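Okay, here's what each chain looks like letter by letter:
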Amino acid sequence: MSARKDRLRGDVPAWLGQARAAAARPPASRREPVLLVTGGPAIGSVEPALAAAMVTAGLPLTRRGTGWTVVGPADASLAAIADWLVDQPLGLRRRGELLPVVDDTGRMLAGIERGVARVLGLRTFAVHLSGRAADGRFWVQQRAFDKATDPGKWDTLMGGQMAAGESIATTLERETAEEAGLAMSQLVGLTRGPDVAIRRPVAEGWMDERIAVFRAVMAEGASPSNRDGEVVRFDCLEEAVLRRRLATGDFTLEATLILGAELEPGAGERG
């Protein structure tokens, strides 16, 4: 692919422009706000028909104004809603992990089963690590083929969800150890790059995610090794190879946005 054909406009490659457009799309169908406190900030959104079915099933949810309010103790009520959703023919998978439920300021209000977060349009938080070898090549991973999302796709060196009660720093350390088998001491020049936001319809409902992006060079002699069974393999790619594979859709949307931004001119100065 020629440089001219690879460009959408200016210095933005077509594939990166398309990924950015895909990350900022409106809902595919009407959704209404979900609240924990009547009149308070929304914590997510839901399709009206599904919310009505939950009310009919006797779940702790009630219609209030133009939205739906969770009734009773937040954690217990959200757990009951999650149990019901997982049992429905919605294609959901129980993950056995709690994600934070936050208000519009990011304050944690409760926790909920990870597998239902996008049905309820909850804001989720993730941490990704873009890792390079000392010679400038990019370390990337192939996701396991039994992953609930993007099975078999290629990703950044590490990417993981922030669990309820965790900080960004804690998630970074935990996921780097679990997914890549690396200690923080093996990451040289660790810096935080620009965050990535994704708001788009997905098969489960609505994705509203904020990704904290970190960059580092792996220490001499260090190499990644998966410990949690969620990675098939790692590879170390020259920039030209990485660009080609990003352009052909080998990578997840998240990785395409993160690595694409890192490949842009001046990315180092912005990070």
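Since this is a predicted model, take the numbers as computed values, not measurements.

## Describing the environment of Thr-69
- Residue placement: Thr-69 occurs in strand E6 (residues 67-70).
- Its relative accessible area of 4% is what places Thr-69 among the buried residues.
- Considering only alpha carbons, one finds Thr-69 and Val-34, 35 residues apart in sequence, at a separation of 5.8 Å.
- Not counting residues within four places of it along the chain, the set of residues in contact with Thr-69 comprises Leu-35, Leu-36, Val-37, Thr-38, Pro-60, Leu-61, Thr-62 and Arg-64.

## Description of the environment of Thr-156
- Relative to the assigned elements, Thr-156 resides in the loop between strand E11 (154-155) and strand E12 (158-161).
- Judged by relative accessible area, which is 1%, Thr-156 ranks as buried.
- Taking the C-alpha atoms as reference points, Thr-156 and Leu-259, 103 residues apart in sequence, are found 7.5 Å from one another.
- Once you skip the residues sitting within four places of it in the chain, Thr-156 turns out to touch His-128, Leu-129, Trp-139, Val-140, Gln-141, Ala-255, Ile-258 and Leu-259.
- Polar side-chain contacts of Thr-156 include one of 2.7 Å to the side chain of His-128.
- Engagement of the side chain of Thr-156 in a polar contact is seen with the backbone oxygen of Met-158, the distance being 2.9 Å.

## Thoughts on the pairing of strand E15 (residues 205-218)
- By the criterion of burial, E15 is predominantly enclosed, with 12 of the 14 residues buried.
- Two elements, strand E13 (residues 187-192) and E15, share four bridges in a ladder whose sense is antiparallel. Bridging across to E15, Arg-192 finds its partner in Phe-214.
- In the sheet, strand E14 (residues 196-202) pairs with E15 via seven bridges, with the strands oriented antiparallel. The residue bridging Pro-201 from the neighbouring strand is Trp-206, located in E15.

## Considering the pattern of salt bridges
- For the coordinates displayed, the defined rule picks out 22 salt bridges.
- The shortest N-O distance in the salt bridge between Arg-118 and Glu-209 comes to 3.3 Å. With Arg-118 in the loop between strand E8 (108-113) and strand E9 (123-132) and Glu-209 in strand E15, the pair connects residues that are 91 residues apart, well separated along the chain.
- Arg-118 sits in the buried class, given a relative accessible area of 13%.
- Here Glu-262 makes a salt bridge to Arg-132, at a shortest N to O gap of 3.3 Å. Pair noted here: Glu-262 is in helix H6 (residues 253-263) and Arg-132 is in strand E9, with a separation of 130 residues, a long-range link.
- Ionic contacts of the salt-bridge type, sharing partners, join the residues Arg-123, Arg-199, Asp-208 and Arg-210 into one network.

## Side note on the pairing of strand E5 (residues 61-64)
- Across four bridges, E5 lies against E6 in antiparallel orientation. In the strand pairing of E6, Leu-61 is matched with Val-70.
- In sequence, E5 turns back onto E6 through a hairpin of two residues, with Gly-65 there showing a positive phi of about 60°.

## Re the confidence of the model for the protein
- For the protein, mean pLDDT is 93; residues scoring 70 or higher make up 94% of the total.
- Note that pLDDT drops below 50 for residues 1-9; the model gives that stretch 13 contacts with residues more than four away or on any other chain.

## Focus: the packing of helix H1 (residues 14-22) against H6
- Contact geometry of H1 with H6 gives a least axis separation of 10 Å together with a crossing angle of 130°. Put simply, H1 runs oblique to H6. In this structure, H1 crosses over H6, and the sense of that crossing is left-handed. Between H1, through Trp-15, Leu-16, Ala-19, Arg-20 and Ala-22, and H6, the contact on the second element is made entirely by Leu-253, Thr-256, Leu-257, Gly-260, Ala-261 and Leu-263.
- Residue composition of the contact of H1 with H6, by class: eight nonpolar, two polar and one charged.

Here is what the cut-offs are and how they apply
Residues numbered from 1 in each chain as written. Predicted model: local features only at pLDDT ≥ 70, side-chain atom pairs only at ≥ 80, totals over all residues. Heavy atoms only, no water. Helix = DSSP H or I, 4+ residues; strand = E, 2+ residues; numbered from the N terminus. Buried < 20%, exposed > 50% of the residue type's maximum accessible area, 1.4 Å probe, protein only. Contact = heavy atoms within 4.5 Å. Polar contact = N/O pair within 3.5 Å; in protein donor to acceptor, adjacent residues only side chain to side chain. Pairing = 2+ DSSP bridges. Salt bridge = Lys/Arg side-chain N within 4 Å of Asp/Glu carboxyl O. pLDDT = per-residue confidence, 0-100. Axes fitted to C-alpha atoms, helices over the stretch in contact; angles between N-to-C directions. Parallel < 35°, antiparallel > 145°, perpendicular 65-115°, else oblique. Left-handed = near helix turned anticlockwise from the far one by under 90°. Nonpolar A, V, L, I, M, F, W, Y, C, P; charged D, E, K, R; others polar.

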